[in-house]
Amino acid sequence: MEHTIGAPTAGTVAAVHVRPGDVVAVGEPLATLESMKMLHEVAAPATGTVRVVDVAVGATVAEGAPLLVLEVTGTAAAGVPAAAGNAAAPAAGPDE
């Protein structure tokens with residue numbers, strides 16, 4: 001089952017940590033967004049394979065904008081919330 005991972009907040013893409021074909025585990029960083037001088041890690045909501053990366057470093061994205069598509073299979077697919085990726089944990093800022 002494919003899940004589009006959206007931006008949890010508007011901002012600038014500071015880093016993309018994956019590429020199509022990469023296999024990721026739950027919690028693994030997928031991308032980092034910078035917003036209001038803070039960095040926000042977008043983590044994988046489930047184990048799966050990255051199918052599409054929709055953004056590049058330096059791109060400006062709106063809240064909810066698609067960042068990437070993750071294909072989740074098996075029992076992990078049932079546990080992925082509909083709005084996967086919209087709850088990101090803040091990462092350490094540049095001054096920390």
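Read on for an overview of the structure. (Residues numbered from 1 in each chain as written. Predicted model: local features only at pLDDT ≥ 70, side-chain atom pairs only at ≥ 80, totals over all residues. Heavy atoms only, no water.)

**As for the nonpolar core**
So, point 1. Residues Val24, Leu30, Leu33, Val61, Leu67 and Leu70 are the most contacted members of the largest nonpolar core, which totals 18 residues.
So, point 2. At the level of secondary structure, the elements contributing two or more residues to this core comprise β4 (29-35) and β8 (66-71).
So, point 3. In terms of residue count, the dominant contributor to this core is β8 (3 residues).
So, point 4. Excluding residues that lie within four positions of it along the chain, Val24 makes contacts with Val18, Leu30, Ala44, Ala46, Thr47, Gly48, Val50 and Leu70. (Core = buried A, V, L, I, M, F, W, Y, C linked by side-chain atoms within 4.5 Å. Buried < 20%, exposed > 50% of the residue type's maximum accessible area, 1.4 Å probe, protein only. Helix = DSSP H or I, 4+ residues; strand = E, 2+ residues; numbered from the N terminus. Contact = heavy atoms within 4.5 Å.)

**Digging into the pattern of salt bridges**
So, point 1. Counting across every chain of the model gives 1 salt bridge.
So, point 2. We note a salt bridge from Glu71 to Arg51, for which the minimum N-O separation is 2.7 Å. Taken as a pair, Glu71 in strand β8 and Arg51 in strand β6 (residues 48-53) lie far apart in primary sequence, 20 residues in all.
So, point 3. Residue Glu71 is classed as partly exposed on the basis of its relative accessible area of 23%. (Salt bridge = Lys/Arg side-chain N within 4 Å of Asp/Glu carboxyl O.)

**Re the pairing of strand β2 (residues 11-16)**
So, point 1. Sheet analysis places β2 next to strand β7 (residues 60-61), joined by 2 bridges and oriented antiparallel. Of the residues in β7, the one forming a bridge with Thr12 is Thr60.
So, point 2. As paired elements, β2 and β4 share 4 bridges and run antiparallel to each other. Paired with Val16 across the strands is Ala31, a residue of β4. (Pairing = 2+ DSSP bridges.)

**Some details on the sheet that holds strand β3 (residues 23-24)**
So, point 1. The strand order across the open sheet built from 4 strands is β1-β8-β6-β3, with neighbouring strands paired in antiparallel fashion. Among the strands making up the open sheet, the edge pair consists of β1 (2-6) and β3.
So, point 2. When β6 meets β8, the two strands line up antiparallel, connected through 4 bridges. Paired with Val53 across the strands is Leu68, a residue of β8.

**Quick notes on unusual backbone geometry**
So, point 1. For Met36, which is not glycine, the phi dihedral falls at a positive 55 degrees.
So, point 2. The residue Met36 is located in the loop between β4 and β5 (38-43) in this model.
So, point 3. Although it is not a glycine, Lys37 adopts a positive phi angle of roughly 65 degrees.
So, point 4. Along the chain, Lys37 falls in the loop between β4 and β5.

**Focus: the environment of Ala31**
So, point 1. Within the fold, Ala31 resides in strand β4.
So, point 2. Judged by relative accessible area, Ala31 falls into the buried class, the value being 3%.
So, point 3. Taking the C-alpha atoms as reference points, Ala31 and Leu68, 37 residues apart in sequence, are found 9.2 Å from one another.
So, point 4. If near-sequence neighbours (up to four positions away) are discounted, Ala31 is found in contact with Ala15, Val16, His17, His40, Glu41 and Val42.

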